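# Fold and contact review
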Amino acid sequence: MTRARFRGRDGIYALFELDHGVDLRIGFLEDDLGRVVMRRDGGYRLDRGWAVAPDRADPSYAGRDRDDLTGFACPSADIEEGEGTVTLRGIKLRAVVTLEPFGIAWYRAGEDVPFLQDRRTQAYFVSRKTHAFSHFVERAVDERHYGVGDKAGPLDRTGRRFRVDAVDPCGFDAELSDPLYKMIPFVLVAGPTGAHGVYYDNLATAEIDLGATIDNYHGTFRSYRADDGDFDAYVFAGPGVPDVVRAFSRLTGGHAFGPKWTLGFATTSMAIADAADADARIADFVDRCAEHAIPCDSFHFGSGYTMIGGRRYAFNWNHDKFPDPAATLAKLNAAGLHPVANLKPCLLDDHPRLSEVTGVGGLVSDGESGEPAVAQFWDGLGYHLDFTNAKARDWWRNGIETALLAPGMVSVWNDNNEYEIWDEDAVAAGDGRPFPQTLARPAQALLMTKLAYETQAAWAPGKRPYTITRGGSAGLWRYGQTWSGDNATAWKTLRFNLTQGLNMSLSGMFDIGHDTGGFHGPSPGPELLCRFVEFCSFWPRFMMNSWNSDGVTTLPWMHPEVIAPIREAIRLRYRLMPYLYTRMWRAAEADEPVVRPLFYDFPDDPGAVATEDAFMLGPDLLVAPVLEPGADSRSVRLPENPGGWYLFHDGTHHPGGAVATVAAPLGRAPLFVRSGALLPLGAAGQRVDPATDTERELVAYGDAAGATALLYDDDGDTAAWRDGAGLVTRVTAVRDGDAVVVSADANGRYQPAWRSLHLRSVGGPQARPGTVSGGALELEA
């Protein structure tokens with residue numbers, strides 16, 4: 001489509017008519033957010049979506065109308081016609097439309113070079129035979145590309161091509177495998193002129209090419225090619241990477257704030273729940289945690305609890321393995337190990353309760369026959385629950401309540417929800433407006449997680465729900481946690497789970513982690529297991545999960561020679577809990593990623609841009625995990641920072657902008673603290689328990705004069721955390737002679753078990769107490 005005719009203003013949009021029955025609208029939803037949306041023959045292929053949720057307005061199960069502007073500021077913009085061009089001009093954003101050849105150039109206010117430019121040779125294609133379409137934009141050779149969800153490979157995606165699709169790639173190669181689990185067509189671009197982002201709000205399968213294709217006729221470019229669906233692109237103006245990440249998070253509804261116990265160490269294994277003596281194995285796990293003094297806060301049941309004759313059936317308890325599920329769950333809850341249930345949306349073709357679901361038409365159906373659409377599952381053929389059907393949701397909600405929550409489960413782990421229904425005729429009910437399943441497969445996983453979230457919230461009013469999902473689309477983070485999936489037990493996995501996770505974080509997923517030790521492959525040896533624990537202990541989700549090919553269950557004590565260093569790494573996690581919990585609060589409150597690449601916080605440092613083997617945990621901690629076998633030290637280039645950096649473990653100083661080489665014995669991944677940081681620490685207990693959390697330390701690193709820090713506390717699960725139920729303490733430090741005076745201002749109703757904030761200094765002026773206001777807290781030197 002190379003020619004356009006300007007048809008005037010349509011509300012906030014400039015309206016253009018293109019060839020082949022296409023109309024296209026361009027407008028500004030916010031001062032720094034643009035949108036381009038296309039209709040063919042006057043309508044949409046799918047007139048609704050589930051990912052976009054501005055102002056945290058969660059869409060209904062029926063979806064949000066594609067034309068709904070609720071929650072957007074919709075600022076006024078001038079529209080100016082020129083010679084062969086039309087310009088939309090707002091306060092911060094300008095879009096210049098060339099009518100022939102048709103294309104859009106996006107500018108930030110005051111800039112003469114576009115940050116985003118459609119390819120000047122054939123930028124838009126639509127198929128007259130199918131519903132496919134393509135979009136091509138220019139790609140500068142010095143631009144870097146990030147995002148695209150849970151994709152494998154290096155941090156910078158430039159030169160890669162990815163399939164936007166979802167499968168169950170057990171034991172995937174963290175460098176090369178594609179596709180994986182989630183479908184998130186969001187691209188973040190950074191370069192010398194700043195950063196911008198593009199999100200394609202389309203849930204159909206597609207391909208994103210970030211420079212893999214070179215074509216002499218078109219210069220350098222990147223592209224998005226969809227097999228079906230609608231062209232609906234959101235353009236984020238930046239100008240910085242943090243601006244784009246925050247804006248994308250806000251567009252898609254922000255992030256859930258999980259209960260505090262979810263930040264504790266967790267364990268599961270398919271082998272445990274699959275075993276004939278599963279109940280005894282779980283009891284043994286509890287005893288072994290105590291025996292080896294391994295902190296742990298939850299046990300996640302693999303799907304083996306649902307087995308009948310070796311096959312898995314949702315909401316069925318195997319009473320041969322678990323004679324009294326309520327008693328089993330009560331023991332776990334009493335021990336402080338929150339029980340979580342794995343749940344899969346595929347019902348096998350001989351599921352004992354299948355007729356209940358088919359009786360209400362609750363399965364994704366085959367369009368021609370009206371029968372359930374058949375899909376392959378591990379244990380045989382089955383059918384998928386249709387979460388766009390209200391009666392199906394009622395049945396699923398009842399199952400969660402009666403089979404899981406009533407006996408004592410506290411959370412739902414939504415697994416194997418990639419919806420691999422390859423029947424092209426499959427149809428979703430659409431809450432009364434059916435649509436082809438190919439248009440929105442990941443919406444099913446999103447709605448499955450939404451339903452679990454809402455069911456738990458209704459079951460325990462006043463408490464924050466905790467849900468996990470493996471699959472889904474943008475917006476899944478509104479409901480809970482996710483992870484990088486069924487990784488391989490290999491050293492290579494460590495290296496590329498790091499960059500995979502950072503791109504997940506840049507793609508809006510802030511509550512994430514990796515299967516510690518590797519999920520599939522031969523069981524990890526002592527060194528690999530220990531390094532996995534060290535690495536994973538710094539991510540929000542800290543879960544040991546395995547299904548090893550040799551049948552050995554990965555557990556913290558499986559190699560006696562490394563139990564002590566593994567314990568040390570886990571205990572450091574608990575010591576950092578006040579800082580980590582505050583970062584999770586900021587993720588939900590302010591759309592700030594918890595784990596991020598070095599260039600997020602140090603964008604002007606070329607060395608930070610080039611570093612792909614270390615990461616930031618919040619703004620103050622730099623983690624340099626050991627990623628190679630046989631290493632007893634680690635070298636890392638530290639970003640330029642006034643005052644440099646301090647090694648957490650011994651307080652030694654290291655200059656910024658230089659390579660630091662430090663010892664890295666087993667159990668101790670190098671952790672650096674930014675000079676000028678005020679770092680809150682707690683005691684390394686055996687559980688996350690706010691009621692017994694009586695110690696709090698605040699450490700000033702280097703010269704902290706002028707520094708500020710936030711510290712968040714609450715009872716660990718209050719749903720009223722936005723309404724003052726927690727305690728927000730703002731700490732400031734000012735110079736006073738040879739010392740730094742630290743003051744605190746506390747706001748909120750919560751009274752923590754710790755009453756004193758003990759001050760300590762590392763490598764800088766002595767910190768001494770200043771004033772305290774707004775709360776019954778004390779500062780102590």
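Residues numbered from 1 in each chain as written. Predicted model: local features only at pLDDT ≥ 70, side-chain atom pairs only at ≥ 80, totals over all residues. Heavy atoms only, no water.

### Concerning the environment of Ala51
- Structurally, Ala51 can be placed in the loop between β5 (48–49) and β6 (64–65).
- Looking at Ala51, the relative accessible area reads 1%, which means it is buried.
- Separated by 201 residues in sequence, Ala51 and Thr252 have C-alpha atoms that sit 5.6 Å apart.
- Contact partners of Ala51, with chain neighbours within four places excluded, come to Tyr199, Asp201, Leu251, Thr252, Ala474, Gly475 and Arg478. (Helix = DSSP H or I, 4+ residues; strand = E, 2+ residues; numbered from the N terminus. Buried < 20%, exposed > 50% of the residue type's maximum accessible area, 1.4 Å probe, protein only. Contact = heavy atoms within 4.5 Å.)

### Re the UniProt feature "domain: Glycosyl hydrolase family 31 C-terminal" (unreviewed entry) in the protein
- Per the UniProt record, "domain: Glycosyl hydrolase family 31 C-terminal" (unreviewed entry) is found at residues 592–678.
- In this annotation, residues 592–678 is assigned 10% helix and 32% strand; the end-to-end C-alpha distance for the span is 18 Å. (UniProt positions renumbered as here; feature names shortened; annotations may be inferred.)

### Quick look at the UniProt feature "domain: DUF5110" (unreviewed entry) in the protein
- Under the UniProt annotation, the feature "domain: DUF5110" (unreviewed entry) is placed at residues 696–763.
- Helix makes up 0% of residues 696–763 and strand makes up 54%, while its end C-alpha atoms are separated by 20 Å.

### Remarks on the sheet that holds strand β28 (residues 365–366)
- Within the open sheet, the three strands sit side by side as β28-β32-β33. Their pairing is antiparallel. Pairing within the sheet leaves two strands with one partner each, and these edge strands are β28 and β33 (435–436).
- Sheet topology note: the strand β32 (residues 426–428)/β33 ladder contains two bridges and is antiparallel. Paired with Ala428 across the bridge in β33 is Phe435. (Pairing = 2+ DSSP bridges.)

### Some remarks on the sheet that holds strand β53 (residues 778–780)
- The mixed open sheet is built from four strands, whose spatial order is β46-β47-β51-β53. Of all strands in the sheet, those bounded by a partner on one side alone are β46 (678–681) and β53. Between one strand axis and the next, the sheet turns through 25° on average, direction left out of account.
- Where strand β47 (residues 697–701) meets strand β51 (residues 756–762), five bridges bridge the pair, whose relative direction is parallel. Each bridged residue has a counterpart across the sheet, and for Leu698 the counterpart in β51 is Leu759. (Axes fitted to C-alpha atoms, helices over the stretch in contact; angles between N-to-C directions.)

### Quick look at the packing of helix α8 (residues 491–506) against helix α9 (residues 526–536)
- As a packed pair, α8 and α9 sit with axes 10 Å apart at the nearest point and diverge in direction by 15°. For the element pair α8 / α9, the angle class is roughly parallel. Considering the relative orientation of α8 and α9, their crossing is left-handed. Contacts between α8 and α9 involve Trp491, Thr493, Leu494, Asn497 and Leu498 on the former and, on the latter, Glu527, Leu528, Arg531, Phe532 and Phe535.
- Taken together, the residues that form the contact of α8 with α9 break down as six nonpolar, two polar and two charged. (Parallel < 35°, antiparallel > 145°, perpendicular 65-115°, else oblique. Left-handed = near helix turned anticlockwise from the far one by under 90°. Nonpolar A, V, L, I, M, F, W, Y, C, P; charged D, E, K, R; others polar.)

### A short note on α9
- Among the eleven residues of α9, nine are classified as buried, and the element is accordingly described as predominantly covered.
- Within the span of α9, buried status applies to Leu528, Leu529, Cys530, Arg531, Phe532, Val533, Glu534, Phe535 and Cys536.
- In this structure, the buried side of α9 is in contact with α8, β36 (513–516), β37 (541–544), α10 (563–575) and β39 (615–617).

### Description of the nonpolar core
- Ranked by size, the top nonpolar core spans 148 residues in total, and within it Tyr199, Phe236, Phe301 and Trp396 carry the most contacts.
- Counting residues per element, this core draws most heavily on helix α11 (residues 577–590), at eight residues.
- Discounting chain neighbours no more than four positions away, the residues touching Tyr199 are Ala51, Val52, Pro185, Phe186, Asp232, Ala233, Tyr234, Phe236, Phe248, Leu251 and Ala474. (Core = buried A, V, L, I, M, F, W, Y, C linked by side-chain atoms within 4.5 Å.)

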